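Observations on chain architecture
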Amino acid sequence: LFYMDKSEKFITQYHNWLAETDYFYKRFHLLADALEEFIINIISDTDSAKQVASQFESVLSNCDEIDYESYDATIAYSILHFLPRYHLFQLTFSKLFDKHILPNKKEPINSLDIGTGPSPVLYALSDIYESLIEFGSIKKDLEYKPDYVEQSCAFRHFIHNFTEHLNYKYRSQKEKWVVPYHHGTFN
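This report concerns the structure included in the present document. (Residues numbered from 1 in each chain as written. Predicted model: local features only at pLDDT ≥ 70, side-chain atom pairs only at ≥ 80, totals over all residues. Heavy atoms only, no water.)

**Let's talk about the pairing of strand E2 (residues 144-149)**
As a reminder, the rule being used: Being paired, for any two strands, means DSSP has found at least two bridges between them. Secondary structure is summarised from DSSP: a helix means a run of H or I of at least four residues, a strand means a run of E of at least two, and numbering begins at the N terminus for each. When the strands point away from the viewer and the connection leading from the first strand across the helix to the second strand turns clockwise, the crossover is called right-handed.
As paired strands, strand E1 (residues 109-114) and E2 are joined by six bridges and run parallel to one another. Bridged to Leu112 within E2 is Asp147. Once the chain exits E1 it traverses helix H6 (residues 120-135) before rejoining the sheet at E2, and the crossover so formed is right-handed.

**Remarks on the packing of helix H1 (residues 8-21) against H6**
Filter applied, for reference: An axis is simply a line fitted to the C-alpha atoms; with a helix, the fit covers only the stretch in contact. Between two such axes, the angle follows the N-to-C directions and lies from 0 to 180 degrees. In this scheme, roughly parallel covers angles under 35 degrees and roughly antiparallel covers those over 145, while 65 to 115 is roughly perpendicular and the rest are oblique. In this analysis, two residues are considered to be in contact whenever any of their non-hydrogen atoms come within 4.5 Å of each other. In this classification, Asp, Glu, Lys and Arg are treated as charged, Ala, Val, Leu, Ile, Met, Phe, Trp, Tyr, Cys and Pro as nonpolar, and every other residue, Gly included, as polar.
At a closest axis distance of 11 Å, the pairing of H1 and H6 adopts a crossing angle of 100 degrees. It follows from the interaxial angle that H1 and H6 lie roughly perpendicular. Residues Phe10, Gln13, Tyr14, Trp17 and Leu18 of H1 form the contact with H6, whose participating residues are Ile128, Ser131, Leu132, Glu134 and Phe135. Of the residues contributing to the contact of H1 with H6, the split by class is seven nonpolar, two polar and one charged.

**Here we look at the pattern of salt bridges**
Counted only if it meets this: Salt-bridge detection follows one rule: a side-chain nitrogen of Lys or Arg within 4 Å of a carboxyl oxygen of Asp or Glu. The classification of residues rests on relative accessible area computed with a 1.4 Å probe and restricted to protein chains. Under 20% of the type maximum is buried, over 50% is exposed, and intermediate values are partly exposed.
Enumeration according to the criterion identifies four salt bridges in this entry. A salt bridge links Asp127 to Arg27; its shortest N-O distance comes to 2.8 Å. Of the two residues, Asp127 sits in helix H6 while Arg27 sits in helix H2 (residues 23-42), which places them 100 residues apart along the sequence. Residue classification places Asp127 among the buried residues on the basis of a relative accessible area of 0%. On the basis of relative accessibility, which here comes to 2%, the residue Arg27 falls in the buried class. The partner of Glu175 in a salt bridge is Arg27, with the nearest N and O atoms 2.8 Å apart. You can see Glu175 sitting in the segment after helix H7 (153-169) and its partner Arg27 sitting in helix H2, a full 148 residues away along the chain. A single network of salt bridges, built from pairs that share partners, joins Arg27, Asp127 and Glu175.

Written as structure tokens, this is what we have:
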């Protein structure tokens, strides 16, 4: 299933390819455009926009103390935190790959995101595996099975709807993010 050469030469070639193709930036840009469109659809009227904006201060100052059962707070969180955290996870997973810590075995790769809200981690992890497939070091039939545990129904609702929106938007370009459409297998 894998061609995975773990040499420094291979990692250098992979990073050169990432730089030449600007792979992560392109994925970031596609996801950011879809996120903007998704959020604008949600806050398309003045009342919705005000309700989401009213959550900004609380999300900024009490980020870890909010229960995020309010979809308005979830959207505010996504506006303020999703993209920076998504990019940090892209960089983190790239480093894990460099250090040979990122799973890349022949058996199915299972990952479980626990409590990261709207799950920027799963979108970034999908970027890593999709880049390795496109680079040619992993076959297209890789069994990558992500899942998540999130106590907030609003975050689970966001992940489901945003992933559906994102993958539908780019279906003709054959871009995809392997993130579950379901609301998480575990409560």
